[in-house]
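The lines below spell out each chain.
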Amino acid sequence: MSATSPDPVLPPGLTALSAEEETVMRALGRLLLVLPRAMNADLEAEQRMTASEYNVLRHLSEDPNHRMRMSELAQSCDMSLSGMTRLAAKLESQGYLNRVKCDEDARGWNAVLTDEGLARLREAWPTHLASVRRHIFDHLDGLDLDDLAAALNKMATDADLR
């Protein structure tokens, strides 16, 4: 059933979507599926690097000490801790990061970006930038980017609280 279909059993205060709202919802749903695949494909084709690997290196590079707790890194990359552990092991085997015990908490581990990891991120960055421009910003002429960013952040925050 479409979200625009009138349904006599809708709860009070809930209305069906307008045709325009339905169009936006479907376009956004499609974008959420195809955009990550397209951007990942660009990185894999040109850099033999996944978007997840790029994101890990990017987040570590943005920390002043190029170091993050594994749990914080997983959260920043929207990954489970076990998924991050597997990905960090792969990146460590490639020499892009090191995992070291936390000084503050003997149970925790930090991921530390290596010089090789930073160099690899710098090498992949132009590919990522070109992908972002081609798949996103080339389609946003005339839109207020501040308003768009605010709306997207509100959606993400609302979804994240659930």
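Quick note: structure is the one above.
Calculation rules
- Residues numbered from 1 in each chain as written.
- Predicted model: local features only at pLDDT ≥ 70, side-chain atom pairs only at ≥ 80, totals over all residues.
- Heavy atoms only, no water.
- Helix = DSSP H or I, 4+ residues; strand = E, 2+ residues; numbered from the N terminus.
- Rg over C-alpha atoms; globule rule 2.2 N^0.38 Å.
- Buried < 20%, exposed > 50% of the residue type's maximum accessible area, 1.4 Å probe, protein only.
- Contact = heavy atoms within 4.5 Å.
- Areas by Shrake-Rupley, 256 points an atom, 1.4 Å probe, with all protein chains shown as cover.
- Lys, Arg positive; Asp, Glu negative; His and termini not counted.
- Charge placed at Lys NZ, Arg CZ, Asp CG, Glu CD.
- Pairing = 2+ DSSP bridges.
- Core = buried A, V, L, I, M, F, W, Y, C linked by side-chain atoms within 4.5 Å.
- Axes fitted to C-alpha atoms, helices over the stretch in contact; angles between N-to-C directions.
- Salt bridge = Lys/Arg side-chain N within 4 Å of Asp/Glu carboxyl O.

Undergrad: Help me understand the overall build of the chain in this model?
TA: Secondary structure summary: the chain contains 6 helices and 3 strands in total. The C-alpha atoms of the chain give 20 Å as radius of gyration, which overshoots the globular expectation for 162 residues (15 Å, by more than 25%). Overall, the C-alpha framework of the chain stretches about 60 × 35 × 25 Å when taken along its three principal axes. A burial count over the chain gives 27% of its 162 residues as buried. When contacts within the chain are restricted to residue pairs at least 6 apart in sequence, those whose partners lie at least 24 apart make up 47%. Roughly 11,200 Å² of accessible area belongs to the chain as shown, and the carbon and sulfur atoms make up 55% of that amount. Averaging the locations of the 18 positively and 26 negatively charged side chains of the chain gives two centres separated by 6 Å.

Undergrad: Looking at this structure, I do not really get the pairing of strand β3 (residues 109–113). What am I missing?
TA: Successive residues of a regular strand alternate their side chains across the two faces of the sheet. Burial analysis of β3 places 4 of its 5 residues in the buried class, which makes it a mostly covered element. Bridging between strand β1 (residues 67–69) and β3 involves 3 bridges; their strand directions are antiparallel. From the neighbouring strand, Arg-67 faces β3, where its bridge partner is Val-112. Relative to β3, strand β2 (residues 97–101) runs antiparallel, the two sharing 5 bridges. Considered in β3, the bridge of Lys-101 is made with Trp-109.

Undergrad: Help me understand the nonpolar core in this model?
TA: Core analysis: the largest hydrophobic core is formed by 22 residues, its most contacted members being Val-56, Leu-57, Leu-60, Leu-73, Met-84 and Leu-91. For this core, the secondary structure elements donating two or more residues are α2 (51–62), α3 (70–76), α4 (81–93), β3 and α5 (115–135). When neighbours within four sequence positions are excluded, Leu-57 is seen to be in contact with Met-49, Leu-91, Tyr-96, Leu-113, Gly-117, Arg-120 and Leu-121.

Undergrad: Help me understand the sheet that holds β2 in this model?
TA: Note on sheets: strands pair through backbone hydrogen bonds, and any given pair is parallel or antiparallel. Taking strand neighbours across the sheet as the criterion, the 3 strands line up as β1-β3-β2 in an open arrangement whose pairing is antiparallel. The sheet terminates laterally at β1 and β2, the two strands that pair on one side only. Taken over all neighbouring pairs, the strand axes of this sheet differ in orientation by 25° on average, direction set aside.

Undergrad: Looking at this structure, how should I read the pattern of salt bridges?
TA: Pairs may arise between side chains of opposite charge once their charged atoms sit close together. Within this structure, the stated rule accounts for 8 salt bridges. Among the salt bridges present, the one from Arg-134 reaches Asp-42, with a minimum N-O distance of 2.6 Å. Residue Arg-134 is found in helix α5, and its partner Asp-42 is found in helix α1 (residues 19–47); the two are separated by 92 residues along the sequence. On the basis of relative accessibility, which here comes to 37%, the residue Arg-134 falls in the partly exposed class. Residue class for Asp-42 comes out buried when judged on its relative accessible area of 14%. Between Glu-92 and Arg-99 there is a salt bridge, with the nearest N and O atoms lying 2.9 Å from each other. Taking the relative accessible area as the measure of exposure, Glu-92 reaches 27% and is therefore partly exposed. A single network of salt bridges, built from pairs that share partners, joins Arg-69, Asp-105 and Arg-107.

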